[in-house]
Amino acid sequence: MTLVSDTLTWLTDPANWTGPGAIPQRLIEHLGLSAIALAVALVIALPAGLAIGHTRRGSALAAVLANIGRSVPSLAVIGIVLPLTVMIDPQLGFKVYPTLVAMVVLAIPPILVNAEAGVVGVDPDLTEAARGTGMREVQVLAGIEIPVSLPVIVAGVRSGATQIVATMTLGAIFGGGGLGRYLVEGIAQNDDGKIFGGVVLVAALALATEAAFARLQRALVSPGLRAPGGDTAPVPGIAET
Amino acid sequence: MRMIRTLALGASLLVLFGACTTGGGSKPTVKIGSVGFDEARVVAEIYAQALEADGYTVDRAGIGLGARKVLLPALESGQIDLQPEYIGSGLASGYGGTSTNDPAKNKADLQAILDTKGGGITVLDYTPAQDTNALVVRKETADQYNLKTWGDLAAVQGDLKWALATDCPTNPLCAGALKDDYGIDTATIDLTLLDACSTPMADALLQGTVDVAELCSTGPEIIVNNWVRLEDDKGTQPADNIAPLVRNDYLAKVDKAAFEKILNDVSAKIDTPTLAQLYYDVAIGNKDIKDVASAWLKANGFVQ
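Cut-offs applied
- Residues numbered from 1 in each chain as written.
- Chains lettered and ligands numbered in written order.
- Predicted model: local features only at pLDDT ≥ 70, side-chain atom pairs only at ≥ 80, totals over all residues.
- Helix = DSSP H or I, 4+ residues; strand = E, 2+ residues; numbered from the N terminus.
- Rg over C-alpha atoms; globule rule 2.2 N^0.38 Å.
- Buried ≥ 20, exposed ≤ 12 C-beta atoms within 10 Å, placed from the backbone.
- Contact = placed C-beta atoms within 7 Å.
- pLDDT = per-residue confidence, 0-100.
- Nonpolar A, V, L, I, M, F, W, Y, C, P; charged D, E, K, R; others polar.
- Pairing = 2+ DSSP bridges.
- Axes fitted to C-alpha atoms, helices over the stretch in contact; angles between N-to-C directions.
- Domains from an automatic or database assignment.
- Parallel < 35°, antiparallel > 145°, perpendicular 65-115°, else oblique.
- Left-handed = near helix turned anticlockwise from the far one by under 90°.
- Core = buried A, V, L, I, M, F, W, Y, C linked by C-beta atoms within 7 Å.
- Right-handed = clockwise from strand over helix to strand, strands pointing away.

Peer 1: Is there a simple way to think about the overall build of chain B in this case?
Peer 2: If you tally the helices and strands in chain B, you get 14 helices and 10 strands. Here chain B has a C-alpha radius of gyration of 20 Å; the compact-globule value for 304 residues is 19 Å, and the two agree. Counting over 304 residues, chain B shows a buried share of 48%. In chain B, once contacts between residues fewer than 6 apart in sequence are set aside, the share between residues at least 24 apart is 75%.

Given below as C-alpha cells:
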C-alpha cells in the first residue's frame, strides 16, 4: 500500500516537525482556537442550561435553538457570518472569526441540552430535602444539582469539544491555520502523504480530546455517588447520554 | 424557464428521432465530467447539449465533480468518458509535464502522456479561448504602488498581502516562476493560500484581507469590481486553452469522425470574450448553467 507508506513517510519526515507551518505550530493553532471556541460556548451555554434546568422554564425555546444550531451545516455558518466579520477586521474576520463562530454555534447545543437535562434529572427527593433544610435556590443549584449532575454536564462539554476540534479543520478553506491546512493543501498539491497524514493527526486529536474529557467525566463523579469498589455508578434519576 | 426547458427537451427529442431515421453509428450514453468551478461546468454543459442535439444520451453525474485529483482518476478508470480540460494546467499540474505558452505544444505533450493512460485518451481540438492564471490587485493598490506588471510587484512584495492558489508552494508555474523569473519569494511574503479562482479568493481581495490575488483571467469579478489584472511580462504562465479529453474506448463505439466534429466545431467558436461572458452569466448573473449553455448554442446555430 503506497498510501500507508506515503502517510508514514510524511508523518516521520523531520522537516514536517520544525519550522513555520510544521505540525507543532499547526497543532498549537488548532488547540488554541478550539480552546477559545470551547470557552465562549461554555460561557453562553452553561449558565443558560443550568438556569433552564433549575427553573424548568424556557426548555422548549432552548430545544428549538439547540436544534437549529445542530442542523445548520458548519460551512454554511462560515459563509453566512463571513461578510459580517470582515467588516470588523479584514484579516481575522476572514481567516479566524467565521470558523470560531461556526465552532461555537456547533458546541452550544450539546452543552446546553446536557446541562439542562442533568439538572432536570436530579432526584426531586434530594432537592426537596435540601430546601427543607433551609437552603436557598442558589445553594440548591450549586450544592446539590450541579454536583449530582456533573457527569452529565461534562458529557455535554465532551461532545461539544470533540465537535469543535473536528470543525476547526474547515477554517483552512478560508486561509485559517490548524491541522486542516494539511488536508486542503494536500488535496490541491496532489500529495497523498500530506492529506492522510493530516487526516491521521485530526482523527488522533479528536480521539485524544474525547478520551481526556471521558477521564474528566469519571473523575468528577461526586464521591458520595460512587458505588463501593468502582469509580462510576449509575446515578439514580439521571439518564446517561 | 420551465417552458424553455420543455421546448429544449422537445427540440432535442425531435433531433433524436431525426437521427434515428437517418441511421448512423451507435450512440451510447456519454458520461461527462468537469472540475467544480462555474467556467468548467458551463463548458461541459455546452459539450453535453451539443451532443444531445445530435442524438447522444448524456450522463451529467460527473459535471462539477471536483478537482483534478478526483477527476483524472475518474477519466482514466472510465467512470467518465469526456471532460473539458485546461490543457496547460492539466499537463503541468495533472500529469507532471512542462507547459509553455504555446497551446499547440501543450496539446501535443498532453496527448503523448494520455496515449498511455486509461487505455488511451484523446485530446480533441482546443478552444481559441484562453484562461490564464492572473495576478489581480484593486484599483487603489495599483495606483498607490504604480503597478502594471508582475515585475512591478517584486519591489513592493513585502508591503503587500498575497493570496495565491493552494497548490502554489509546490507548483513550478507559481512559486517557481515567481521566484526564478520575478524574484518574488513566496516563503517570505505575507501569504494566504486559497482555492484558485474561487469565491473565497475573490472575497479576500474584495474585503481587503489581501492586496494581491490569483484569479482566472476570465474571472467576472475582475470586470465587476474594476480590478487591475497585472501583466505577466516575462510570459511565465501556460496557455490554458480548453480541450475535451475523450476516452478512446468510447470513441471506438461511435462514429468517431462525426463525434469529434461536433465537439471541435463547438470548441472553435469559444473565444476568450465568449468564455468570460459565459462565466459572467453563471457566476454574477446567477443564471442556470443549462440555460446559459443552451442560449449560447442556439445563438451560434448549433441547435435550433
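Peer 1: I would appreciate a short explanation of the confidence of the model for chain A in the present structure.
Peer 2: Should pLDDT be low for a region, the predicted coordinates there are not to be read in detail. Mean pLDDT for chain A: 89, with 93% of residues reaching 70 or above. Per-element averaging of pLDDT across chain A places helix 3 (residues 59–71) of chain A at the bottom with 83 and helix 2 (residues 23–55) of chain A at the top with 95.

Peer 1: Would you mind going over the interface of chain A and chain B with me for this structure?
Peer 2: Accessible area lost upon the coming together of the parts serves often as the stated size of an interface. At the junction of the two partners, chain A supplies 14 residues and chain B supplies 14 residues. Counting residues per element, the ones that place at least two in the side of chain A that touches chain B are helix 5 (92–95) and helix 9 (180–188) of chain A. For the side of chain A that touches chain B, the class distribution of residues is eight nonpolar, four polar and two charged.

Peer 1: What exactly am I supposed to notice about the sheet that holds strand 9 (residues 228–229) of chain B here?
Peer 2: Two modes of strand pairing occur in sheets, parallel and antiparallel, and in both the strands are linked by backbone hydrogen bonds. Residues and elements named next belong to chain B. If you trace the five strands from one edge of the open sheet to the other, you get 7-6-8-5-9, paired in mixed fashion. In the strand order of this sheet, the two ends are held by strand 7 (190–194) and strand 9, each with one partner. As defined by bridge partners, strand 5 (residues 133–137) adjoins strand 8 (residues 212–216) across five bridges and the pair is classed as antiparallel. By the bridge assignment for strand 8, Leu135 is matched with Glu214. On top of the sheet, helix 9 (residues 199–206) reaches strand 5, strand 6 (161–165), strand 7 and strand 8; it is set at about 145 degrees to strand 8, its chief contact.

Peer 1: Looking at this structure, how should I read the domain arrangement of chain B?
Peer 2: All names here are of chain B. Per the domain assignment, the segments of chain B are domain 1 (2–130 + 240–299) and domain 2 (133–229). The partner domain 2 presents eight residues to the 11 residues of domain 1 that form the contact. Contributions of two or more residues to the side of domain 1 that touches domain 2 are made by helix 4 (87–95) and helix 13 (272–283). The greatest single-element share of the side of domain 1 that touches domain 2, amounting to six residues, is contributed by helix 13. The residue inventory of the side of domain 1 that touches domain 2, partitioned by class, reads eight nonpolar, two polar and one charged.

Peer 1: Help me understand the packing of helix 4 (residues 74–88) of chain A against helix 6 (residues 97–120) of chain A in this model?
Peer 2: Working note: a packed helix pair is described by the angle between its axes plus the distance between those axes. All names here are of chain A. Two elements in contact, helix 4 and helix 6, have axes whose closest approach is 8 Å; the angle formed by their N-to-C orientations is 135 degrees. The orientation of helix 4 relative to helix 6 falls into the category oblique. Considering the relative orientation of helix 4 and helix 6, their crossing is right-handed. Contact residues: Ser74, Val77, Ile78, Val81, Leu82 and Thr85 in helix 4; Tyr97, Pro98, Thr99, Val101, Ala102, Val105 and Leu106 in helix 6. In terms of residue class, the contact of helix 4 with helix 6 is built from 10 nonpolar, three polar and no charged.

Peer 1: Got a minute to help me understand the environment of A:Pro98 in this structure?
Peer 2: All names here are of chain A. By the secondary structure assignment, Pro98 is in helix 6. For Pro98, a count of 28 C-beta atoms within 10 Å translates into the label buried. Along the backbone, Pro98 and Leu82 are 16 residues apart, and their C-alpha atoms lie at a distance of 5.4 Å. Residues in contact with Pro98, not counting those within four places in the same chain, are Ile78, Val81, Leu82, Thr85 and Phe174.

Peer 1: What is the right way to look at the environment of B:Asn171 in this model?
Peer 2: All names here are of chain B. Here Asn171 lies in the loop between strand 6 and helix 8 (172–182). For Asn171, a count of 22 C-beta atoms within 10 Å translates into the label buried. For the pair formed by Asn171 and Asn133, sequence separation is 38 residues and the distance between their alpha carbons is 12 Å.

Peer 1: Whenever I open this one, the nonpolar core confuses me. Can you help?
Peer 2: As a rule of thumb, nonpolar side chains are buried together in soluble globular proteins. Grouped together as the largest cluster of nonpolar side chains are 149 residues, with contacts concentrated most on A:Ala107 and B:Tyr47. Tallying contributions element by element places helix 6 of chain A first for this core, with 16 residues. For this core, the domains that each give at least three residues are domain 1 (2–130 + 240–299) and domain 2 (133–229) of chain B. When neighbours within four sequence positions are excluded, A:Ala107 is seen to be in contact with A:Ala37, A:Leu38, A:Ala41, A:Gly160, A:Gln163 and A:Ile164.

Peer 1: Looking at this structure, how should I read the environment of A:Ser34?
Peer 2: Residue and element names in this part refer to chain A. If you trace the backbone, Ser34 turns up in helix 2. On a C-alpha basis, the gap between Ser34 and Leu112 in space is 18 Å, while along the polypeptide they are 78 residues apart. Look past the residues within four positions of Ser34 in its chain and what remains in contact with it is Met103, Ile164, Val165 and Met168.

Peer 1: Teacher, can you tell me more about the pairing of strand 2 (residues 58–62) of chain B here?
Peer 2: Put simply, side chains in a regular strand alternate between the two faces of the sheet. Residues and elements named next belong to chain B. Looking at chain direction, strand 1 (residues 30–33) and strand 2 are connected through three bridges and run parallel. Paired with Val30 across the two strands is Val58, which belongs to strand 2. Read as a crossover between parallel neighbours, the route from strand 1 over helix 2 (residues 38–53) to strand 2 is right-handed.

Peer 1: When you look at the pairing of strand 3 (residues 82–86) of chain B in this model, what are you seeing that I'm missing?
Peer 2: Residues and elements named next belong to chain B. Among the five residues of strand 3, five are classified as buried, and the element is accordingly described as predominantly covered. Neither face of strand 3 is left uncovered, since the one carrying Leu82, Pro84 and Tyr86 and the one carrying Gln83 and Glu85 both have all their residues buried. Pairing of strand 3 with strand 10 (residues 242–247) involves five bridges; the strand directions are antiparallel. Pairing of Gln83 across the sheet is with Leu245, part of strand 10.

Peer 1: What's the story with unusual backbone geometry in this structure? I'm lost.
Peer 2: Across residues other than glycine, the phi torsion is negative in most instances, and most of the peptide bonds are trans. Residues other than glycine seldom take positive phi values, yet A:Arg56 does so here, at roughly 60 degrees. Here A:Arg56 falls in the exposed class, since 10 other C-beta atoms lie within 10 Å of it.

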